[in-house]
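Coordinate analysis (summary)
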Amino acid sequence: MAGESGKRTEISQLGEFGLIDRIQQQFQLKNPTSVVGIGDDAAVIDTGTHFMLVTTDMLLEGVHFDLSYIPLGHLGYKAVAVNVSDIAAMNGLPRQITVNIGLSNRFSVEAVDALYEGIRFACENYKVDLVGGDTTSSASGLVISVTALGEVEKPRLVKRGGAQINDIVCVTGDLGGAYMGLQVLEREKAAFMENPVMQPQLKSYEYIVGRQLKPDARMDIIHELKELSLVPTSMIDVSDGLASELLHLATHSGVGFNIYEENIPLDQLTYHTAVEFKLNPVTCALNGGEDYELLFTISQQDFEKVKNHPDIHFIGYVQNKEKGIRLITKQQQSIPLKAQGWTHFNR
Ligand code: ADP
Ligand code: MG
């Protein structure tokens, strides 16, 4: 469809981020209570004593999930977890959610029950209340959109912008697993479609399949940072892959990064499965996405507080913007990291 002027530009020319930038440029914040608008992991609203955080994410059947391999309960849980992850990325605590669903007549009451069982489980786990939503019919399968509201003490707010030169770049957990889990699920689905007698062989891939189907927001890290009196200088959650998230932090903070390939955390199973699929394991971590780990920067003075943490990995440091975002390979080569993955990096 063309716009009102009759001019037509393909969305693919701008890309998702370009399109969001374009929308953002058309709106100025008017209310003094709107502290952060479009562009961070969550919007920030000044409520007086605290900042309120608001974030929303929509999942569409056939685009974000395939019901032939994700059980409805897991999908409900994941829809909440991905929003809680964006609240965590602002260093906040989730408090409430609303849930919008679009249902086609393929879905039964029991199916909706299963979806909400997962949502309920997530509400218990993250200590959030389901406070509303909307229900409509859908012509194109299942749609689920969750909005999460959270809270953060004002001095503890962390944005994407704020990384300072010489800060240490930290990432939690391990990366690339959710992407490799998806590759396994898709392979097993294709084998099943070809020969329905074949049962999916998932047992030995349990960890990475779990990373894809049951992601968890790293609220544990947010609580620990508070106990350590540590406020990161910048933070984002890893939803699209390390490379893309580094680019966001760099753009918002006006800095560059040096990232060391050998420090990028990979689980053994992710590594071996990537090799089995003839993929570069580091590429899976850089571009895979859906890991929902936290990527953040801390000042050098704070390093002592977390240096022995078993699940926080130190992958590089912040440098001058002019030096760009660079990956130092295991062979000590320095190569530029691109948003849409890496072009010069081959094993
Ligand atoms: P995340 O991956 O952390 O969920 P997104 O990349 O989805 O973040 O969105 C980045 C920013 O753009 C967020 O601040 C989000 O609220 C905003 N945003 C995304 N889509 C739209 C839209 N259609 N209209 C207004 N703001 C949007
Ligand atoms: Mg995010």
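Our subject is the structure listed above.
Here we look at the packing of helix α4 (residues 177-194) against helix α5 (residues 206-213)
For the pair α4 and α5, the least separation of the axes is 7 Å and the interaxial angle reads 100 degrees. One element, α4, and the other, α5, form an angle in the roughly perpendicular class. For the pair formed by α4 and α5, the contact residues are Gly177, Ala178, Tyr179, Met180, Gly181, Leu182, Val184 and Leu185 on the first element and Ile208, Val209, Arg211, Gln212 and Leu213 on the second. Partitioning the contact of α4 with α5 into residue classes produces nine nonpolar, three polar and one charged.

Focus: the packing of helix α2 (residues 72-88) against helix α3 (residues 109-126)
If you want to describe how two helices pack, look at the angle between their axes and the distance between the axes. Look at α2 against α3: their axes get within 6 Å of each other, and the N-to-C directions meet at 40 degrees. Comparing their axes, α3 and α2 come out oblique. The two elements α2 and α3 meet at a crossing, and its hand is right-handed. The segment α2 lies against α3, with Leu72, Gly73, Leu75, Gly76, Tyr77, Val80, Ala81 and Val84 engaging Ala111, Ala114, Leu115, Gly118, Ile119, Phe121, Ala122, Asn125 and Tyr126. Grouping the amino acids of the contact of α2 with α3 by side-chain chemistry returns 13 nonpolar, four polar and no charged.

Focus on the sheet that holds strand β9 (residues 256-260)
Taken together, seven strands build an open sheet; the order of strands is β8-β10-β7-β11-β9-β12-β13 and the sheet is mixed. With one partner strand each, in any of the chains shown, β8 (234-237) and β13 (334-336) form the two edges of the open sheet. Within this sheet the neighbouring strands show an average axis-to-axis angle of 25 degrees, counted without direction. Sheet topology places β8 next to strand β10 (residues 294-298); four bridges connect them, and they run antiparallel. When the sheet's bridge partners are listed, Met235 is paired in β10 with Phe296. Packing of helix α7 (residues 242-253) onto the sheet brings it into contact with β7 (168-172), β8, β9, β10, β11 (312-319) and β12 (325-328), and relative to β8 it is tilted by some 150 degrees.

Conventions and cut-offs
- Residues numbered from 1 in each chain as written.
- Chains lettered and ligands numbered in written order.
- Predicted model: local features only at pLDDT ≥ 70, side-chain atom pairs only at ≥ 80, totals over all residues.
- Heavy atoms only, no water.
- Axes fitted to C-alpha atoms, helices over the stretch in contact; angles between N-to-C directions.
- Helix = DSSP H or I, 4+ residues; strand = E, 2+ residues; numbered from the N terminus.
- Parallel < 35°, antiparallel > 145°, perpendicular 65-115°, else oblique.
- Contact = heavy atoms within 4.5 Å.
- Nonpolar A, V, L, I, M, F, W, Y, C, P; charged D, E, K, R; others polar.
- Left-handed = near helix turned anticlockwise from the far one by under 90°.
- Pairing = 2+ DSSP bridges.

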